[in-house]
Amino acid sequence: MTFYATLLILKFLAVMAYAGAATAAYLAPDAAARKWLAHRVAGPAITVVWTAGYTLMTLKEIRFTELWIVAGAVGSLAANLILIRNVGRPSLPRWAWVGTAAPLVVVVACMVLKPTWEGVLR
């Protein structure tokens with residue numbers, strides 16, 4: 001297996017760990033459990049996602065200024081910041097998870113569709 005393929009698998013597993021931890025954090029019964037899931041599982045997972053993504057981008061010689069890369073970085077950062085903000089609350093409204101899920105949907109769409117500045121600015 002090539003280094004690139006190994007990184008792709010590692011990134012996929014880290015994305016799944018992040019999504020699982022974020023979901024579990026919103027379903028956790030108390031703030032202590034939410035904080036543990038967000039900081040001890042989701043935080044390290046998103047760090048692996050970013051590190052693997054940057055390495056993959058470097059290996060493929062893709063510029064960081066590509067629209068889909070910028071949108072993915074900003075979206076994943078927003079999702080993580082919203083998650084961290086929400087887990088500190090004593091109680092969460094039912095819709096609180098949308099703040100984390102919506103940017104992640106945008107990130108996945110960008111990673112799949114790979115929109116470019118040229119295609120958007122036409």
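Structure: above.
Reading guide: rules and limits
- Numbering of residues starts from 1 in every chain and runs along the sequence as written.
- Local features in this predicted model are restricted to residues whose pLDDT is 70 or higher, and side-chain atom pairs enter the listing and the counts only when it is 80 or higher, whereas totals over whole chains, interfaces and linings include all residues.
- Based on all heavy atoms of the structure, the side-chain values leave hydrogens and waters out of the count.
- Axes here refer to lines fitted to C-alpha atoms; in helices the fit is confined to the stretch in contact. Angles between the N-to-C directions go from 0 to 180 degrees.
- Helix and strand assignments follow DSSP, with helices taken as H or I runs no shorter than four residues and strands as E runs no shorter than two, numbered in order from the N terminus.
- Angles below 35 degrees are treated as roughly parallel, those above 145 as roughly antiparallel, those between 65 and 115 as roughly perpendicular, and all remaining angles as oblique.
- The crossing is said to be left-handed when, going from far helix to near helix, the turn is anticlockwise and less than a right angle, and right-handed when the turn is clockwise.
- Contacts are residue-level and defined by heavy atoms, with any inter-residue pair within 4.5 Å sufficient.
- Each residue gets one of three labels, nonpolar for Ala, Val, Leu, Ile, Met, Phe, Trp, Tyr, Cys and Pro, charged for Asp, Glu, Lys and Arg, and polar for the others, Gly among them.
- Note on aromatic pairs: the rings of Phe, Tyr and Trp (six-membered ring only in Trp) are paired at centre separations within 6.5 Å, and the planes decide the class, stacked below 30 degrees, edge-to-face beyond 60, tilted for the rest.
- Charge-over-ring contacts are defined here by two conditions on Lys NZ or Arg CZ: a distance within 6 Å of the ring centre and an angle within 35 degrees of the ring normal.
- Per-residue accessibility, obtained with a 1.4 Å probe over protein chains only, is compared with the maximum for each type, and a residue is labelled buried under 20%, exposed over 50%, and partly exposed between these values.
- His is not counted, nor are the chain ends; Lys and Arg add positive charge and Asp and Glu add negative charge.
- Put simply, a salt bridge is a Lys or Arg side-chain nitrogen that is within 4 Å of an Asp or Glu carboxyl oxygen.
- To estimate the expected span of a helix, subtract one from its residue number and multiply by 1.5 Å.

1. As for the packing of helix 2 (residues 31–59) against helix 3 (residues 67–87)
Helix-helix packing is characterised by the crossing angle of the two axes and by the distance between the axes. Interaxial distance between helix 2 and helix 3 falls to 9 Å at its minimum, and their mutual angle equals 170 degrees. Taken as axis vectors, helix 2 and helix 3 run roughly antiparallel relative to one another. In this structure, helix 2 crosses over helix 3, and the sense of that crossing is left-handed. Contact residues: Ala31, Arg34, Lys35, Ala38, His39, Ala42, Ile46, Trp50 and Met57 in helix 2; Ile69, Ser76, Leu77, Asn80, Leu83, Ile84 and Val87 in helix 3. Classifying every residue of the contact of helix 2 with helix 3 by side-chain character gives eleven nonpolar, three polar and two charged.

2. Quick word on the packing of aromatic side chains
The full count for this structure, using the stated rule, is zero aromatic pairs. The residue whose ring lies beneath Lys60 is Tyr4, and the NZ or CZ to ring-centre distance is 4.8 Å. The ring of Trp68 is capped by Lys114, whose NZ or CZ atom sits 4.7 Å from the centre of that ring.

3. Side note on the side chain of Arg34
The residue Arg34 is located in helix 2 in this model. At 6.3 Å, Asp30 is the nearest oppositely charged side chain to Arg34, a buried residue that forms no salt bridge. Apart from the residues within four sequence positions on either side, Arg34 is in contact with Ala25, Ala28, Pro29, Val87, Arg89, Pro90, Ser91 and Leu92.

4. Section: helix 3
Over its 21 residues, helix 3 extends 30 Å from the first C-alpha to the last, a length consistent with the 30 Å expected when each residue adds 1.5 Å. Every buried residue of helix 3 is listed here: Leu67, Trp68, Ile69, Ala71, Gly72, Gly75, Ser76, Ala79, Asn80, Leu83, Asn86 and Val87. Residues of helix 3 that are buried sit in contact with helix 1 (3–27), helix 2, helix 4 (98–113) and helix 5 (117–120).

5. Brief notes about the pattern of salt bridges
Using the criterion set out here, one finds two salt bridges in the structure. Here Glu66 makes a salt bridge to Arg63, at a shortest N to O gap of 3.0 Å. Accessibility expressed as a relative area gives 55% for Arg63, which makes it exposed. Measuring nitrogen to oxygen at the nearest pair gives 2.8 Å for the salt bridge that ties Arg122 to Glu118. In this pair, the class of Arg122 matches that of Glu118, namely exposed.

6. Quick look at the environment of Gly99
Examined against the element boundaries, Gly99 turns out to sit in helix 4. In this structure, the C-alpha to C-alpha distance between Gly99 and Thr47, residues 52 residues apart in sequence, is 20 Å.

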